[in-house]
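Listed here are the chains, written in short residue letters.
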Amino acid sequence: MEKKNLLTYEGLQKLESELQELKVVKRKEVAQKIKEAREQGDLSENAEYDAAKDEQRDIETRIEEIEKILKNAEVVVEDEVDLDKISVGCCVKIYDCEFEEELEYKIVGSTEANSLQGKISNESPVGKALIGARVGDIIPIETQAGTIEYKVLGIERSN
């Protein structure tokens, strides 16, 4: 049994449009590159042909990857997220007790996680510890750097 891939609606749309772009646009582009490289003659020493074939393989691999994610996708309806406790699809405001700073994260499924955009996975140590917590809770989180404590300040729907 394969695990479900939790996705927000935004994440679902992003993957579907990437899949569409790969299938409709990128496949045609790479097929054209391969055709042009073939027309140059000897394929054994043709760098353009090799590069185009590599690109084609990468595109097909990514298409397969996205289709697998979508096949097992479970979309979190963010408008229905329970704001009493932290769950996938909500934005959470927390206070780092050690560094005395407020942090804001969106809890997402692992396929959408991107720490640079403030999106943390429900499967990461921080995400896992925060799931189910309520406003006012102080959550100890075990990390490689030791235990850190976060206080939950707020839970909101994501925009």
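Look up: the structure comes first, before these words.
Residues numbered from 1 in each chain as written. Predicted model: local features only at pLDDT ≥ 70, side-chain atom pairs only at ≥ 80, totals over all residues. Heavy atoms only, no water.

Asker: Is there a simple way to think about the pattern of salt bridges in this case?
Answerer: Opposite charge on two side chains lets them pair, provided their charged atoms get close. Enumeration over the complete set of coordinates arrives at twelve salt bridges. Residue lysine 119 is joined to glutamate 10 by a salt bridge in which the shortest nitrogen-to-oxygen separation is 3.5 Å. Of this pair, lysine 119 sits in strand β5 (residues 119–121) while glutamate 10 sits in helix α1 (residues 9–38); the two residues are 109 residues apart in sequence, bridging distant segments of the chain. Judged by relative accessible area, which is 10%, lysine 119 ranks as buried. A cluster of three or more residues bridged by salt bridges with shared partners is formed by Glu10, Lys106 and Lys119. (Salt bridge = Lys/Arg side-chain N within 4 Å of Asp/Glu carboxyl O. Helix = DSSP H or I, 4+ residues; strand = E, 2+ residues; numbered from the N terminus. Buried < 20%, exposed > 50% of the residue type's maximum accessible area, 1.4 Å probe, protein only.)

Asker: Could you clarify how one ought to interpret the sheet that holds β5 in this entry?
Answerer: Paired through backbone hydrogen bonds, the strands of a sheet run either parallel or antiparallel to each other. Read from one edge of the open sheet, five strands run β5-β4-β3-β7-β6, paired in mixed fashion. Strands with a single pairing partner mark the edges of an open sheet, and in this sheet they are β5 and β6 (138–143). When the angles between neighbouring strand axes are averaged without regard to direction, this sheet yields 45°. Note: β6 against strand β7 (residues 146–157), six bridges, orientation antiparallel. Bridging across to β7, proline 140 finds its partner in glutamate 149. (Pairing = 2+ DSSP bridges. Axes fitted to C-alpha atoms, helices over the stretch in contact; angles between N-to-C directions.)

Asker: Just to check I follow, could you spell out the layout of surface pockets for this structure?
Answerer: Gaps left between atoms are located by rolling a probe of water-molecule size over the structure's atoms. Volume-wise, the largest pocket comes out at about 230 Å³. Around the largest pocket, the lining is made up of 14 residues, and of these Gly11, Lys14, Leu15, Thr111 and Glu112 lie nearest the centre. When residues of the lining of the largest pocket are traced back to their parent elements, those giving at least two are α1 and α2 (47–71). Looking at the lining of the largest pocket, the element that brings in the most residues is α1, giving five residues. Of the residues assigned to the lining of the largest pocket, the class counts are four nonpolar, four polar and six charged. (1 Å grid on protein atoms, 1.4 Å probe; cavity = no way out; pocket = protein on both sides within 12 Å on 5 of 7 lines; lining within 4 Å. Points joined across faces, edges and corners; volume = space filled by probe spheres on them. Nonpolar A, V, L, I, M, F, W, Y, C, P; charged D, E, K, R; others polar.)

Asker: Could you clarify how one ought to interpret the side chain of asparagine 122 in this entry?
Answerer: Along the chain, the position of asparagine 122 falls in the loop between β5 and α3 (125–130). In this structure asparagine 122 comes out as buried when scored by relative accessible area, which is 17%. Dropping the residues within four chain positions of it, asparagine 122 is found in contact with Leu6, Val88, Ile107, Val108, Gly109, Ser110, Gly127, Lys128 and Ile131. (Contact = heavy atoms within 4.5 Å.)

Asker: How do you make sense of α2 when you look at a structure like this?
Answerer: Given 3.6 residues per helical turn, the α-helix brings residues three or four places apart onto the same face. Helix length check: α2, at 25 residues, gives a terminal C-alpha distance of 36 Å against a target of 36 Å (1.5 Å per residue), a fit within 8%. Restricting attention to buried positions, one finds in α2 the residues Tyr49, Ala52, Ile59, Ile63, Ile66 and Ile69. If you follow the buried residues of α2, they end up packed against β1 (5–8), α1 and β2 (73–76). For α2, the side-chain oxygen to backbone nitrogen distance between the N-cap and glutamate 48 is 3.1 Å, and the N-cap itself is asparagine 46. (Expected span 1.5 Å × (residues − 1). Polar contact = N/O pair within 3.5 Å; in protein donor to acceptor, adjacent residues only side chain to side chain.)

Asker: What is the right way to read the nonpolar core from this model?
Answerer: Side chains of nonpolar character tend, in soluble globular proteins, to be buried together. The biggest cluster of nonpolar side chains holds 20 residues, and the ones touching the most others in it are Ile86, Val92, Ile94, Ile107, Leu130, Tyr150 and Val152. Put simply, the parts of the chain that give this core at least two residues each are β3 (90–96), β4 (101–108), α3, β6 and β7. A total of four residues in this core trace back to one element, the largest contributor, which is β7. Residues within four places of valine 92 in sequence aside, it is in contact with Ile86, Leu103, Glu104, Tyr105, Ile107, Leu130, Val152 and Gly154. (Core = buried A, V, L, I, M, F, W, Y, C linked by side-chain atoms within 4.5 Å.)

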